[in-house]
Structure formats: structure tokens, C-alpha cells
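Here are the chains, one letter per residue:
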Amino acid sequence: FNKFVGKQYNKFIKGNIHEIGSFISNNKRIMTNIKVREFLYISNYKANELHEKILPHRTWKDYFSTEEKLLKNLNIYLTERKKKIHILGASRGDSKFHKLEKEYFYSFFSENNMKFIEKTLSRDNYKIMDQSHIIIGIDSTLAYESLSRGIKTSFFSVRHNDKDFYSTKFGWPARLNSKGPFWTDSYSLKEINRVLDYLNRVEDKTWLKDIGKFTKKLIIRDNQNKYFIKQMKLMKFPVQRQSI
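Reading the values: the criteria
- Residues numbered from 1 in each chain as written.
- Predicted model: local features only at pLDDT ≥ 70, side-chain atom pairs only at ≥ 80, totals over all residues.
- Heavy atoms only, no water.
- Helix = DSSP H or I, 4+ residues; strand = E, 2+ residues; numbered from the N terminus.
- Rg over C-alpha atoms; globule rule 2.2 N^0.38 Å.
- Buried < 20%, exposed > 50% of the residue type's maximum accessible area, 1.4 Å probe, protein only.
- Contact = heavy atoms within 4.5 Å.
- Areas by Shrake-Rupley, 256 points an atom, 1.4 Å probe, with all protein chains shown as cover.
- Axes fitted to C-alpha atoms, helices over the stretch in contact; angles between N-to-C directions.
- Parallel < 35°, antiparallel > 145°, perpendicular 65-115°, else oblique.
- Left-handed = near helix turned anticlockwise from the far one by under 90°.
- Pairing = 2+ DSSP bridges.
- Right-handed = clockwise from strand over helix to strand, strands pointing away.

Engineer: How should I be thinking about the overall build of the chain in this particular structure?
Structural biologist: The helix and strand inventory of the chain stands at 10 helices and 8 strands. Here the C-alpha atoms of the chain give a radius of gyration of 19 Å, agreeing with the 18 Å that 2.2 N^0.38 yields for 244 residues. Put simply, the chain has 244 residues, and 48% of those count as buried. Considering only intrachain contacts with a sequence separation of at least 6, the fraction spanning at least 24 residues in the chain is 69%. Of the accessible surface of the chain, which amounts to about 13800 Å², a share of 53% is contributed by carbon and sulfur atoms.

Quick look at the structure:
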């Protein structure tokens, strides 16, 4: 994704690091369709029971505890503005955890202001994101990919304040401030208002200019993986270009 991730790899693997961003996202054309969703929340729901341990002394319930506070305040934000949110589900529709995930989100949002997008083999996450006005994420890879595609993306990095989940900090392993124009480490209603109101009012040209200050530290975009293909050809690997 970026040189900071590359440095992490260099702690374990000897070699040269080349930044290319997200290989899959790079190969997906950016859709310029009319936005059909106002807010899209990227679910990080894990296919585990909440009482199961993620670490010897921590459970999945601990992992989700701050997200629950975020969702409660996010519901207040949406209700006050009479807005609807779409949830990009993380559990396959045919899995036993799918029902648990839907119940989890319906415990925070009502059927009137929430629509759940089921995960299927044919679901095109990039098309769904491209057709959404504002993306809301915590630490999902998809949220970073959304940013590289120029979509207005917000990050609520609410888990990293717990030292056991420090690597979920926004931008990790790069060092960025805890708060910025489109990100925060707080689940407070005040911060939700600040970040989402900024994304609502900022013009597209200004947005692209604003994120340009940070994308090199977060995730670059190599459209159609041109750099990667060039490197493969230099190493005499057979390459067949395919755009999706």
C-alpha cells in the first residue's frame, strides 16, 4: 500500500519494496455513475461468537466495544438529519453468522434508516463504494481502497486506544495525528458531526486536493497496475493485461 507498510515487511524479508497500492482495486475501473447511496458503512463484523477469545486475555466483545459506542452515536447523527445508511455486510448470506451480523446492526439502526447489503460471491464491493456518496469505516482495507479511488471516506479509528489493538490506528504503521479532516480516534457525537459534516460540504475538487496530502502515506493508486506490469516485463514474466 505504501512505503511504511514496506518497511514492516523489510523487518522480516530482505529485498526491494515497490509501492503499488491495492492490486485488485487498481484493476477495477472507477465508476462515475450517479451516487445512489448517501452513507455506506463498511462492516468489520467477524464470523465469531462475541465471547470467543481473540487474545489470551481479550474477547471479540472487547474488540467491538468501542464500535458499539460509535454506532449508537452514528444513529443519533442520522436520525437528526433523517438520513439512511447502507451496511456493507461482512458475512456470507449462506453462513451461520449472517443472521448474527444483521441482528448486530439492527440493534443500533431501525429498518427505516438502514439497509443491509448482503455479501455474495457476485457482489462488487468497488462498484457499491463508487456509487456511494460517503464511506464510513474503522480500519477496513476496503476503506483505504475507497480513499485511493477518490471517494469521500471517513475513518473512525476507535479501537487503537486499546494497546492490544494499536495496529488498527488510522494510517498505521505511518505516524499521523489522532484527528484530521476526514478521520478521528473518537466515537463522540461531536467528532462524528465534525468529520461527516466536512465530507458533506467539501467540493469534489477540494476533497481530491485535501487527500492528496495524505494518500502517499496511506495508499497510492497505480491505475491498471501499469507499474507492476512494467516490473514483470523487466523480469521477463509473461503478462496478460485484463481490466475488470
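Engineer: Mind showing me how you'd approach the packing of helix H3 (residues 60-81) against helix H7 (residues 189-201) here?
Structural biologist: When two helices pack together, you describe them by how their axes are tilted relative to each other and by the distance separating the axes. One way to put it is that H3 packs onto H7 with a least axis distance of 10 Å and a crossing angle of 55°. With respect to H7, the axis of H3 lies oblique. The handedness of the crossing between H3 and H7 is right-handed. Across the interface between the two elements, Leu70, Asn73, Leu74, Ile76, Tyr77 and Arg81 from H3 touch Leu189, Ile192, Asn193, Leu196, Asp197 and Asn200 from H7.

Engineer: Looking at this structure, I do not really get the sheet that holds strand E7 (residues 152-156). What am I missing?
Structural biologist: Strand pairing in a sheet takes place through backbone hydrogen bonds and is either antiparallel or parallel in direction. In spatial order, the strands read E5-E4-E1-E6-E7-E8; together these 6 strands make up an open sheet with parallel pairing. Either end of the sheet is taken by a strand with one partner, and the two such strands are strand E5 (114-119) and strand E8 (183-184). In this structure, strand E1 (residues 37-42) lies alongside strand E6 (residues 132-137), joined through 4 bridges in parallel fashion. Bridging from a neighbouring strand, Arg37 pairs with Ser132 of E6. Its contacts with the sheet place helix H4 (residues 97-106) against E1, strand E4 (85-92) and E5, and it is angled at close to 160° to E5.

Engineer: Just checking my understanding: could you explain the environment of Asn75 for this structure?
Structural biologist: Along the polypeptide, Asn75 turns up in helix H3. Sequence separation of Asn75 and Leu189 is 114 residues, and the distance between their C-alpha atoms is 9.7 Å. Leaving out residues up to four positions away in the same chain, Asn75 has contacts with Phe108, Phe109 and Asn113.

Engineer: I'm lost on the pairing of E7 in this one. Help?
Structural biologist: The two faces of the sheet receive side chains in turn, since in a regular strand these alternate between them. Of all 5 residues in E7, 5 are buried; the element is thus mostly enclosed. Of the strand pairs in this sheet, E6 and E7 are connected by 4 bridges, and their pairing is parallel. Each residue of the ladder has a partner; that of Gly137, found in E7, is Phe155. Assessed by its sense of winding, the connection that carries the chain from E6 through helix H6 (residues 141-148) to E7 is right-handed. Here E7 pairs with E8 via 2 bridges, running parallel. Following the sheet pairing, Phe155 is matched in E8 by Trp183.

Treat this as a map of the structure, not an account of what it does.
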